[in-house]
Amino acid sequence: MKTFFWAVLITGGPLIAQTLPRDYPVRPVPFTAVHVNDQFWAPKIETNRKVTIPFAFGKDEETGRVDNFIRAAKALRGEPFEDHKYPPYPFDDTDVYKVIEGASYALSVHADPKLEAYVDGLIAKIGAAQEPDGYLYTARTIDPQHPHPWSGTERWTMEGINSHELYDLGHLYEAAVAYYDATGKRSLLDIALRTANLLDQTFGPGKREIWPGHQIIEMGLAKLYRTTDDPRYLNLAKFMLDSRGPQSSERGAGNRYVEAHLKVTQQTEAVAGGHAVRAMYMYSGMADVAALTGDQEYVGALDKIWENVAYKKLHVTGGVGARAAGESFGENYELPNMSAYNETCAAVGNDYWNHRMFLLHADSKYIDVMERTLYNGLISGVSLDGKTFFYQNPLEATGNAGKDQRSPWFGVACCPGNITRFMASVPGYVYGQKENAIWVNLYMGNSADIKLDNGRTLKIVQETKYPWEGAVKMTVTPDQASAAVVNVRIPGWARNEPMPSDLYRFADRSAATPTLKVNGKSVPMKLDKGYVAINRTWRKGDVVELNLPMPVRRVVANDLVAADRGRVAIQRGPIVYAAEWVDNPNGKVRNLLLPDSSKLTAEFRPDLLNGVEVVKGQAVALAKDAQGTVKRTPEPFTAIPYYAWANRGKGEMIVWLPTSEPAARPTPYPTLSSRAKVTTSRPPHGGTATAVQDNEEPTATDPGTHFDWWNTRGTTEWVQYTFDKPHSVSRSEVFWYDDSAKGGGCAVPASWRILYLDGNEWKPVENAGPYGVAKGAYNQVAFQPVTTSAVRLEVKLQDQISTGINKWHVE
Ligand SMILES: [Zn+2]
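Report follows, based on the coordinates. (Residues numbered from 1 in each chain as written. Predicted model: local features only at pLDDT ≥ 70, side-chain atom pairs only at ≥ 80, totals over all residues. Heavy atoms only, no water.)

A few points about empty space enclosed by the protein
Phase 1 of the analysis: Overall, the coordinates contain four cavities of 30 Å³ or more when judged by the stated rule.
Phase 2 of the analysis: Taken as a whole, the largest cavity holds about 80 Å³ of empty space.
Phase 3 of the analysis: Considering the residues around the largest cavity, the lining is formed by Trp-493, Ala-494, Arg-495, Asn-496, Ser-510, Ala-512, Pro-549, Met-550, Pro-551, Arg-553 and Gly-573.
Phase 4 of the analysis: Class assignment of the residues belonging to the lining of the largest cavity gives a composition of six nonpolar, three polar and two charged. (1 Å grid on protein atoms, 1.4 Å probe; cavity = no way out; pocket = protein on both sides within 12 Å on 5 of 7 lines; lining within 4 Å. Points joined across faces, edges and corners; volume = space filled by probe spheres on them. Nonpolar A, V, L, I, M, F, W, Y, C, P; charged D, E, K, R; others polar.)

As C-alpha cells, then:
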C-alpha cells in the first residue's frame, strides 16, 4: 500500500481521486438528521447550546484569547498596539476554534442569527490575523522577533516538541468545515484552505518533513479533503502520520510522550508515558486516513492498539490516560482511582476513536466502549448547569483537592471547548448506515430520517427512557415499502459482558435476558458482532421493541488491577455509580464497606440532579478508635450516577467500594497533626496544603494526596501546624512528594528542619537526629521535647528541581 501511495505522490496524478469515493465502510447518519427529543440528552444538548457555548465564548473574550487575534492583526497592519506579549500558551487559539465548531453544530440544527453574526465577527478577526502567505499562529505573529518560547524563532522548527502550530490548524480545520456545513459560508473555510495550501507548498515528499507535536491536524485534513475533494489534504495527513517516528529528523523524534517512539504502523499499544489526548487524536486520524486510502497497515496497528487499551488501560468509567505526570497512559493495568487523571479531552478523543473503529469494522464492541465513556467519564466533564468543567475525572476523591471540583475555566482550557463541540454532535453517534443497512447503536428518544443508498428514506422514531429504563420502542416508517436491514445493538452490559475484554466482569450472571420483537412477534437473539439483524421489507408503522433488563450489577476488575482488588463498582444499564458524601451519613463514603450480601435496589428520583436513578442498599462504616481498633457501624447507602457527582459542593466520592476490611479505609482517629491548622509560606501549585495532614497515605497503587511548590526552586519554604493549645512534641516524620521518575518537576528537597514557636520567635528544635531525604518512605526525626502552640517544617529546595510533600506528622 505504501509503495502505491508514494507512486501517487511522485506522479502527482489523481490516482487516489480515481478510487474515490472511498471512506468508512459504514457512514454515520449525520447529527443533523437525528432529532433528539428525550429527557436525558435533549436537555443536555440544549444546555450546551444555550449556556455552555455562550459561556465559553465569553471566557475566550475575557481571557484574551480573542484579543490575541486582534493584536496579531494590528501587528500585521503595522499599527501600534500596547501589549506585544505572546499568549500564555501557543495553543490558546484553539479554544476559539473549538467553540466555533461547537457553535456551528448548534447552528446546524437551530437557527440563531445573533450567534451566527457573532461567529462571523470572530471569523473576521481570525482572518485579519492571517499572514499574507497563509500562516496563522498568533503566538508568533503578535511579535515575530519575540515569539512564545515554545514556538522557536523560525516557523515550524519546534513543531515536534511544543510549538503547536499544526495543532492550532487542526482545530481550525474542524471549525472551518463545521461552519461551512452549518451556514454554507466559505469565510472560515477559505482561511483554513490558505493555511493548508501553505502546508502543502512547504511539506511533503521532496519538500520538508513535518509531523505534529500535538496531533489533531490529521483529522482536520481528512475533513478538508472530504469537503473539497482535493487529494493534497489527504496526502498531507498521511505524510504527517508516516513521517512520525524515531527515524525522523524532526525534533521530538523517538519521543513516546508524543507517540513518536515508533512509526505509527509499528505501534501496538497506548504506550506508558504517551500523552493520552494526543494518542486518541492520532488513532482517530489514522482511522480516517485508513478509511480514505484503504491502508490496511494502519488498520492492523489500530486493532492492536485498541486491544491494548480495551484489555489493560481503560477505567470502568471509560476514562483513559491514568497518569497525571505527562497527562499520559500508564503501564498495563495501572488504573489508580484517586490519582486517575482521565482528562475530559481524552474521553472525548476515546469516543472519536471508538466511533471510527465501529465505522471501520461494524462491530458493536467499539460502541460498548464508546457508550461506557459517553455516559460516564465524558459527561462527568461538565456540570449539570453547563458552566463548570472537570479537567481530570478521578474515581475517588477527598473533596479537598482543587481537582475535586469543576472549574469555570482553566489556564489550559482545552476541555470546555471539547465539551461544546462534542455535546452538540451527540446525535451523530446514534446510527450508522451502509447501502441498505442501518445500525442502531445508541438508545435515546429521537426521530431520524435515514437515507438508504437505493434512494429510499427510512424514518426511525425511538421512544425510550434510556439510560434509566431499558425498554426501547422504534417505529420504522419508509417513504415506501422498502427492503432494508436494521441492525439492533444488544449492548455488552445486557449480555453479561460489561467490557469486550477481560478487564471488567460482572460479579454474577444475570438471568434477565434482552428481548426483541417486530410488530409483537419475537425475533431470535442471533448475534453477529453484537447486533441482531432484522432483514425485512419495512412498511409504514412497523414497530421494533427492544427490552434490555437493567438490574443493579456489581462489577469486578481483572485481578491485575491492583487498585481495584477487593472492591466492586456498581453499574446499572450503561451507568456507572459513585457514592458521594452528600447522600450518605456523616458526609463520608471513603470509609464504607459494601458487603457482597447487601441487596442493592434502584429508584428513580425526579427531583435529584435533573432526575436520576439512584442505587440504595446497606453499607458498613468503619472507624478506628483511640486504641486503633476498627469499629463497624451499619448504615444506609446511596449511590448516584458517577457523571453527576460534584454538583452539590465539596466532599468525598468513591466508585470502587471495598467489600471486606483489608481493602477498606477506616476513618482514622484524629491526631495532633490532623487537627492542626495548616499554613504555608507560599500557596501550593498542585494539591492543597491540607493534604499533608489528611492521612491519605501513598501506597503501591495510589500516590495518595500531596501538595507541591512546582515550579519554585532553590528557595526556603515552610509549612506550619498551629495547634488549638500548646502541646508537647518530640517526633516528626515527613513523606516527600517526588514525581521526578515519571518526568515530573518535583523531587526530595536539599535539606529540611523542624522549628517551633517560642513566644514570638521561631527556633530550631534541639538534639534532632538526622533529617533524611529518602524518597518513597517516611523520614523520621526525634528531638528534645518542646511545648509549643505551633511547629514549622522548613524546607530548602534544590536549585534544579522543585519539591512537594505527601504527608507530615508531628507528635
Ligand atoms: Zn483537555
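Description of the coordination of the zinc ion
Phase 1 of the analysis: All of the protein donors around the zinc ion are Glu-343 (OE), Cys-345 (SG), Cys-414 (SG) and Cys-415 (SG); their distances to the metal are 2.1 to 2.3 Å.
Phase 2 of the analysis: Coordination at the zinc ion is tetrahedral, judged from the four donor atoms that bind it and the angles of 93 to 119° they form at the metal.
Phase 3 of the analysis: Here the donor residues of the zinc ion share one chain and are spaced in sequence as E-x1-C-x68-C-C. Of this pair, Cys-345 sits in helix α14 (residues 344-361) while Cys-415 sits in helix α16 (residues 414-424); the two residues are 70 residues apart in sequence, bridging distant segments of the chain.
Phase 4 of the analysis: By relative accessible area, Cys-345 is classed as buried at 1%. (Donors = N, O, S within 2.8 Å, 3.2 Å for Na, K, Ca; no water. Tetrahedral: all angles 85-135°; square planar, octahedral: opposite > 155°, others 65-115°. Helix = DSSP H or I, 4+ residues; strand = E, 2+ residues; numbered from the N terminus. Buried < 20%, exposed > 50% of the residue type's maximum accessible area, 1.4 Å probe, protein only.)

What to know about the sheet that holds strand β13 (residues 527-528)
Phase 1 of the analysis: Spatial strand order, β1-β4-β5-β9-β14-β13: six strands in an open sheet with mixed pairing. Sheet topology places β1 (27-28) and β13 at the edges, where each strand pairs with a single neighbour.
Phase 2 of the analysis: Taken together, the four bridges between strand β5 (residues 437-440) and strand β9 (residues 482-489) define a ladder with parallel strand orientation. Bridging across to β9, Ala-437 finds its partner in Val-485. (Pairing = 2+ DSSP bridges.)

Some remarks on the packing of aromatic side chains
Where two aromatic rings form a pair, the distance of their centres and the angle of their planes describe that pair.
Phase 1 of the analysis: What the rule picks out here adds up to 35 aromatic pairs.
Phase 2 of the analysis: Each ring, one from Trp-468 and one from Phe-604, has its centre 6.2 Å from the other, and the planes form 55°; the classification is tilted. Of this pair, Trp-468 sits in the loop between β7 (457-464) and β8 (471-478) while Phe-604 sits in strand β20 (residues 601-605), and the two are 136 residues apart along the sequence.
Phase 3 of the analysis: The ring of Phe-40 is capped by Lys-44, whose NZ or CZ atom sits 4.9 Å from the centre of that ring.
Phase 4 of the analysis: Seen from the ring of Trp-718, Arg-792 lies directly overhead, with NZ or CZ sitting 3.7 Å from the centre. (Phe/Tyr/Trp six-rings, centres within 6.5 Å; stacked < 30°, edge-to-face > 60°. Lys NZ or Arg CZ within 6 Å of the ring centre and 35° of its normal.)

A few points about the environment of Val-430
Phase 1 of the analysis: Among the structural elements, Val-430 can be located in the loop between α16 and β4 (431-434).
Phase 2 of the analysis: Taking the relative accessible area as the measure of exposure, Val-430 reaches 0% and is therefore buried.
Phase 3 of the analysis: In this view, Val-430 contacts Val-34, Trp-439, Val-440, Asn-441, Leu-442, Met-444, Asn-446 and Gln-462; residues no more than four positions away in its chain are not counted. (Contact = heavy atoms within 4.5 Å.)

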